Amino acid sequence: MSNDNRTRIAEYLSRFFPVHDLKDDDDIFELGFVSSMFAMQLVSFVEHEFAITVENEDLELEHFRSIGALDAFVTRKLSAPVPQ
């Protein structure tokens, strides 16, 4: 897990709800912090903050469910080879 990515994700989420008590695997959807509108904001944040493209096939709840899941998703996308 990237500490820098995790920090950036947690800082973003902290603008909308308290993250100081969240563990990396706490489900932010199950806890009621995320609406469908906020889920789209979260996708937009990930794309802009980390300069990655979230493809249609990436739009799985599992990738956005927790700070840890978001961090793992971003790390995978950043390490993926760039198509030429």
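A. Local environment of the side chain of D58. Structurally, D58 is set in the loop between α2 (36-50) and α3 (61-64). A distance of 2.8 Å separates a polar atom in the side chain of D58 from the backbone nitrogen of E55. Apart from the residues lying within four places of it in its own chain, the contact partners of D58 are T53, H63, F64, F73 and K77.

B. Here's a closer look at the environment of L61. With respect to the helices, strands and loops of the structure, L61 is situated in helix α3. Residue class for L61 comes out partly exposed when judged on its relative accessible area of 38%. Sequence separation between L61 and F17 is 44 residues; the distance between their C-alpha atoms is 19 Å.

C. Looking closely at the packing of aromatic side chains. Evaluated as defined, the whole model comprises eight aromatic pairs. Ring plane angle 80° and centroid distance 6.0 Å describe the contact between F45 and F50, whose orientation is recorded as edge-to-face. For the pair F45 and F50, a shared accessibility class is recorded, and that class is buried. In textbook terms, an aromatic cluster arises when at least three aromatic residues are bridged by ring pairs, as seen for Y12, F16, F17, F33, F38, F45 and F50.

Cut-offs used in this document
- Residues numbered from 1 in each chain as written.
- Predicted model: local features only at pLDDT ≥ 70, side-chain atom pairs only at ≥ 80, totals over all residues.
- Heavy atoms only, no water.
- Helix = DSSP H or I, 4+ residues; strand = E, 2+ residues; numbered from the N terminus.
- Polar contact = N/O pair within 3.5 Å; in protein donor to acceptor, adjacent residues only side chain to side chain.
- Contact = heavy atoms within 4.5 Å.
- Buried < 20%, exposed > 50% of the residue type's maximum accessible area, 1.4 Å probe, protein only.
- Phe/Tyr/Trp six-rings, centres within 6.5 Å; stacked < 30°, edge-to-face > 60°.

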